[in-house]
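Chain by chain, the residues run as shown.
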Amino acid sequence: MRILVVEDEPRLLRNLAKSLREAGYAVDTAETGDDGLFKALTYDYDAVVLDVMLPELDGWQVLEGLRAAKRTPVLMLTARDTTRDRVRGLDTGADDYLVKPFDLAELLARLRALIRRASGHGRSTIEIRDVVIDTRARTVQQSGNPVSLTAREYAILEYLALHRGEVVTRTALYEHLFDESEDTLSNLLDVHVFSIRRKLGADLIATRRGQGYCIES
Ligand code: CA
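Since the structure is predicted, the reported quantities are computational estimates derived from the model, not experimental observations.

Chemist: Would you explain the pairing of strand β6 (residues 125-128) in this entry?
Modeler: Strand residues, when the strand is regular, have side chains that alternate between the two faces of the sheet. The alternating pattern of β6 places Ile126 and Ile128 on a buried face and Thr125 and Glu127 on a face that is not buried. Where β6 and strand β7 (residues 131-134) come together, 4 bridges link them in antiparallel fashion. From the neighbouring strand, Ile128 faces β7, where its bridge partner is Val131. Between β6 and the antiparallel strand that follows it, β7, lie 2 residues; Arg129 among them carries a positive phi value of about 50°.

Chemist: Would you mind going over the side chain of Thr78 with me for this structure?
Modeler: Its place among the elements puts Thr78 in strand β4 (residues 74-78). When its relative accessible area of 1% is taken as the criterion, Thr78 is described as buried. Among all residues touching Thr78, those that are not within four sequence positions of it are Val52, Asp85, Tyr97, Leu98, Val99 and Lys100.

Chemist: What should I look at first to understand the sheet that holds β6 in this one?
Modeler: Paired through backbone hydrogen bonds, the strands of a sheet run either parallel or antiparallel to each other. Strands sit in the order β6-β7-β8-β9 across an open sheet of 4 strands; the sheet is antiparallel. With one partner strand each, in any of the chains shown, β6 and β9 (145-147) form the two edges of the open sheet. Each strand axis lies, on average, 25° off the axis of its neighbour in the sheet, ignoring direction. Contacting β7, β8 (139-142) and β9, helix α8 (residues 188-200) runs over the sheet at an angle of about 45° to β8.

Chemist: So what exactly am I meant to see when it comes to the coordination of the calcium ion here?
Modeler: Ideal geometry at a metal centre: 109.5 degrees between donors when four sit tetrahedrally, and 90 or 180 degrees when six sit octahedrally. Those donors, Asp8 (OD), Asp51 (OD) and Met53 (O), are the protein atoms that reach the calcium ion, and they lie 2.0 to 2.4 Å from it. Mapping the donors of the calcium ion onto the primary sequence gives the spacing D-x42-D-x1-M. Within this pair, whereas Asp8 is found in the loop between β1 (2-6) and α1 (10-22), its partner Asp51 is found in strand β3 (residues 47-51), the two being separated by 43 residues in sequence.

Chemist: What should I look at first to understand the packing of helix α2 (residues 33-42) against helix α3 (residues 59-67) in this one?
Modeler: Any two packed helices are characterised by how steeply their axes cross, that is the angle between the axes, and by the distance between the axes. Packing of α2 against α3 brings their axes to within 9 Å, and their N-to-C directions diverge by 20°. Of the possible angle classes, the one that applies to α2 and α3 is roughly parallel. Our pair here, α2 against α3, has a crossing hand that is right-handed. Of α3, the residues touching α2 (which contributes Gly33, Leu37, Ala40 and Leu41) are Val62, Gly65 and Leu66.

Chemist: What am I meant to see in unusual backbone geometry here?
Modeler: Trans is the common state for peptide bonds, and a negative phi is the common state for residues other than glycine. A cis amide bond links Lys100 to the next residue, Pro101, at an omega of -5°. Summarising the element assignment, Pro101 is placed in the loop between β5 (96-99) and α5 (104-118). Residue Arg138 is not a glycine yet carries a positive backbone phi of 55°. Residue placement: Arg138 occurs in the loop between β7 and β8. Exposure remark for Arg138: the relative accessible area of 27% places this residue in the partly exposed category.

Chemist: Help me understand the pattern of salt bridges, please; the structure alone is not making it clear to me.
Modeler: Opposite charge on two side chains allows them to pair when their charged atoms are near. Following the criterion strictly, the structure yields 14 salt bridges and no others. Here Asp96 makes a salt bridge to Arg110, at a shortest N to O gap of 3.0 Å. On the criterion of sequence distance, the pair formed by Asp96 in strand β5 and Arg110 in helix α5 is long-range, its members being 14 residues apart. Given a relative accessible area of 17%, Asp96 falls into the buried group. A residue is classified by how much of its surface remains accessible, and Arg110, at 25% relative accessible area, is partly exposed. Note that Arg129 and Asp203 form a salt bridge whose closest N and O atoms lie 3.4 Å from each other. On the criterion of sequence distance, the pair formed by Arg129 in the loop between β6 and β7 and Asp203 in the loop between α8 and β10 (206-208) is long-range, its members being 74 residues apart. A residue is classified by how much of its surface remains accessible, and Arg129, at 58% relative accessible area, is exposed.

Chemist: Would you take a moment to explain the environment of Val6 for this structure?
Modeler: The residue Val6 is located in strand β1 in this model. Remark: the alpha-carbon pair of Val6 and Asp51, spanning 45 residues in sequence, is separated by 6.0 Å. Apart from the residues lying within four places of it in its own chain, the contact partners of Val6 are Ala30, Thr32, Gly36, Val48, Val49, Leu50, Asp51 and Leu54.

Quick notes on the rules
- Residues numbered from 1 in each chain as written.
- Predicted model: local features only at pLDDT ≥ 70, side-chain atom pairs only at ≥ 80, totals over all residues.
- Heavy atoms only, no water.
- Buried < 20%, exposed > 50% of the residue type's maximum accessible area, 1.4 Å probe, protein only.
- Helix = DSSP H or I, 4+ residues; strand = E, 2+ residues; numbered from the N terminus.
- Pairing = 2+ DSSP bridges.
- Contact = heavy atoms within 4.5 Å.
- Axes fitted to C-alpha atoms, helices over the stretch in contact; angles between N-to-C directions.
- Donors = N, O, S within 2.8 Å, 3.2 Å for Na, K, Ca; no water.
- Parallel < 35°, antiparallel > 145°, perpendicular 65-115°, else oblique.
- Left-handed = near helix turned anticlockwise from the far one by under 90°.
- Salt bridge = Lys/Arg side-chain N within 4 Å of Asp/Glu carboxyl O.

So, in C-alpha cells, the structure goes:
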C-alpha cells in the first residue's frame, strides 16, 4: 500500500514517514499543498494523510482539488477539534480526520480502516480458500498454520487479495507497493510472486500474460 503524507512540519513529516514505512507502507511525502496536490493527482495512492495548515494551497484546497478528480481516501490532520472544521472536512469529502497531537497507533488503525473500506472489505481478515490474511497483524496462515512472508511478499499478497477478482497490472503493483525513494528492477516482482507461490501454492496467484496478476474471487 502506498501512502502520501502532506505535512509542512519537517520533524512530524519525517516521523510519520518513518513509522508508516515500519508499518509496511510505501510512503511518498510532500511539504506544501501544491506539491501534495500534484502528487495526489499524478499517482494512484491507497490513502492520503493531509494536514490542514499548509503553505501555498492549504489542506482544504488540496482536498477540493483532489475530489474534483479522484476518490482517494483522505485522512485529514487538524490542529483544533471544532465542529466547524469537522463539518467542513466531511462536506469537502474527507473520509476521516484526526486532531493533533494524535496517537500514532490510532493513525495507523484509521488508515487501515480507510483502505479496507475503500476496497469494499469491512473486515480486517481476508480468506481465500485455505489462506487467511490478517491485515491488522500483517500475518498469513494456511490451513491454520502460520506462513512466514517477507514484508514485500506480504504487501503484494495483501494488495492482490484486497483486489481479488480483478487483474492487477504490474504497473499498478509497482505504483502501490514501491515509493519514490526506492530504486527497483522490473524483474523483482516476479521473484517475489515466485516466492509467494512456493510458500502458499502455485495456483493462488494466477498470471494473466501481458496483463498482470490475479487472485480469483
Ligand atoms: Ca502544518
